[in-house]
Every structure is written in structure tokens, then in C-alpha cells.
Amino acid sequence: MNTDSPDFTLKLIQLFGGAGYSTVILIRIIPNNWVLFSIFVEKKYFPDMVHASKIKVKSYMKMADLIDANPNLLLMLQHFNIDFRVSDQTVMQLCTGYSISENLFVGIANLYNGLGPKAHPLFTRDDLVRVIEFLKQSHDYYRSDKYPQISSYIRQLQENHSAKELKLLEKFFNDYFAEVLEHLDYEDNIAFPYFIHLLKEKKSDSFRRELYSSIEYGEHHTDIELKLKDLKQLLLKYVKIENDLDLRRRLFFALYELEFDLYIHSLIEETILIPAGVSIEQEQDA
Ligand SMILES: [Fe+2]
Ligand SMILES: [Fe+2]
């Protein structure tokens, strides 16, 4: 074979990932030079992707027992700015103490517990303001905690191993992280301020909604967690490194934790925030 000629070898690494359809393609355009592409199609609700307890949360249940059954609820508490020392409090007592509506708290806790979103959730405007605060807190956690942690693990792996695929992996992750930052900044600076304004708007306000809408936000909303599935697949199947199991396990756990939280985060944006925004707009335009 002429090694100077382009070689369009193509590898399909993954089809039909659990959180939606996600495909990674490696294309070798010239020998030893792999280019990685990722293709994403529609996100769907896949309950099996959620490694959770499936317990339906009730107001009389003790928060400590719920956390024991599904430690991912700690992430939810953190995004609600609720302290982890929940003592013997029930869900109802905790909600009262933190002035959060039980309906909202239970709705989001059930998502974390692996139960699907409600078809027609009913939340008050105060609930929706709280949802936006929750989403912003999650953004801070992604930006300043989880992504830097994953990035540092990948860098450490790079320092310890010479596998070529690790360079590719690092580039893939850095490009992806840049996309994520753009997504989070867009929501923090454009979408969320719009929703806050909408929630406070009176019918008589001269707020020019034609400049932006909930539907426009929804149409441009992408699933930032899908590429994490690709990263895990690369690490599980293709990156050739030996040993360093501690570091690699830490990296996997961080990827799983982030993927899980991002998945719930997108569900909240798509099944709570956007439908609520659309119905407020319709109500005010009527
Ligand atoms: Fe977000
Ligand atoms: Fe988002």
C-alpha cells in the first residue's frame, strides 16, 4: 500500500448511546493522523441511563434516607444551596426551612431518582425563579469544579503515558469544554435574564419579546452531555494505556457523575423551564 496516499479509513466507535443517539467517527485522512468527528442526533428520555433508586419521593420521607438510597441527591441539594446536614428532617420540613415549594423540590428529586418528567408540570412563578437559580448554581459546579477536575485527570494521564490516543482525547476534551463554556455563558447572559424578565413582566409592560422567545431558546438548546459518552467509550475501548487504575477510575467516576448531572440539568431546562416560558408568553399575548 502506498503510505503517502490519503487513506480514508473510518471507524464507527459508537452508535445509539444511552442518553440519546451519539456517534463518534474516527477518520484517517493520512496515515497515523486520525481526525475525530462526533455526530449527535436527537435526545430522548432514557430512564435506564439514570443510575438511580427509582424511589418516588413523598413529603413525609426523611431526606437522610433518600440520600442513602441515591447519593446523587447531594448534587441536587448543592444546586438548591441546601446544607447536607439534614438531620432527621422530612422533605416537607426541609422545604419549609429553605422556603422551597414542595412541589418543585419533589419534582426535581424524582428526576434525580430516575423517574421521568411529568407531562404537564405546574409550577408557580416563584418556583421558576428558583429553577433558574438552581440551573445557575449547576453551571458554577460544572465550570469551576467538575470540568477542571476531569481536565486535570486527563492531563495527569498524558504526563504518565505516551499513547497517541491520549493526545487526541485531550484535544477532544478541550474543544468540547470550550463548547460547554459557550453554552453556559449563553444561558447565563441571554436565556436566563430573558426568563427572569418574562416571569416579572406584567401584561402592560412594553418588553419587546419579538427579540427573543422560549421557543428560540429551545430550538438552539443542545445536549452538552452527549460527548461525555463518547469520551468514556474512547477510554473503555480504544485508548491503549496500562495500569494507573486509580487515576483512570477517578476519571471514569468524574465523567459518570458529570454526565448524570448534566442529563438531569437538560431535562429541567427542556421539560420545566421551556414549557413554562412558552405558556407564560401565550398567556400574556392572549
Ligand atoms: Fe444550563
Ligand atoms: Fe442547557
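Residues numbered from 1 in each chain as written. Chains lettered and ligands numbered in written order. Predicted model: local features only at pLDDT ≥ 70, side-chain atom pairs only at ≥ 80, totals over all residues.

## Side note on helix 8 (residues 226-237)
The end-to-end C-alpha separation of helix 8 is 17 Å, in line with the 16 Å expected for 12 residues at 1.5 Å each. Of all the residues in helix 8, the buried ones are L226, K227, L228, K229, D230, L231 and L234. (Helix = DSSP H or I, 4+ residues; strand = E, 2+ residues; numbered from the N terminus. Expected span 1.5 Å × (residues − 1). Buried ≥ 20, exposed ≤ 12 C-beta atoms within 10 Å, placed from the backbone.)

## A word on the nonpolar core
Counting residues in hydrophobic clusters, the biggest one holds 35 residues, and the most contacted among them are V91, F105, I108, A109, Y112, L231 and L255. Where this core is concerned, the elements lending two or more residues are helix 1 (63-69), helix 2 (73-79), helix 3 (91-97), helix 4 (102-112), helix 5 (125-160), helix 6 (164-200), helix 8 and helix 9 (245-285). For this core, the leading source of residues is helix 9, giving 7 residues. Discounting chain neighbours no more than four positions away, the residues touching L255 are I150, L228, L231 and K232. By size, the runner-up hydrophobic cluster in this structure holds 13 residues, among which are V131, A191, Y194 and I272. (Core = buried A, V, L, I, M, F, W, Y, C linked by C-beta atoms within 7 Å. Contact = placed C-beta atoms within 7 Å.)

## Side note on the confidence of the model for the protein chain
On average, residues of the protein chain carry a pLDDT of 81, and 79% of them reach 70 or more. Here residues 1-30 scores under 50 on pLDDT; set against residues more than four positions off or in separate chains, the count is 67 contacts. In this model, residues 34-43 is a region of pLDDT below 50 whose contacts with residues beyond four sequence positions or in other chains number 27 contacts. (pLDDT = per-residue confidence, 0-100.)

## As for unusual backbone geometry
Unlike most non-glycine residues, N81 shows phi in positive territory, near 65 degrees. When you line up the elements, N81 lands in the loop between helix 2 and helix 3. One non-glycine residue, N243, lies in the positive phi region at around 55 degrees. Examined against the element boundaries, N243 turns out to sit in the loop between helix 8 and helix 9. Among the residues examined, N243 registers 9 C-beta atoms within 10 Å and is labelled exposed.

## As for the packing of helix 8 against helix 9
Here helix 8 crosses helix 9 at 160 degrees, and the two axes come no closer than 10 Å. As summarised for this structure, helix 8 and helix 9 are arranged roughly antiparallel, according to the angle between their axes. Viewed along their axes, helix 8 and helix 9 form a crossing whose handedness is left-handed. Between helix 8 and helix 9, the residues in contact are L228, K229, L231 and K232 and F252, L255, L258 and E259, respectively. Counted by class, the contact of helix 8 with helix 9 contains 5 nonpolar, no polar and 3 charged residues. (Axes fitted to C-alpha atoms, helices over the stretch in contact; angles between N-to-C directions. Parallel < 35°, antiparallel > 145°, perpendicular 65-115°, else oblique. Left-handed = near helix turned anticlockwise from the far one by under 90°. Nonpolar A, V, L, I, M, F, W, Y, C, P; charged D, E, K, R; others polar.)

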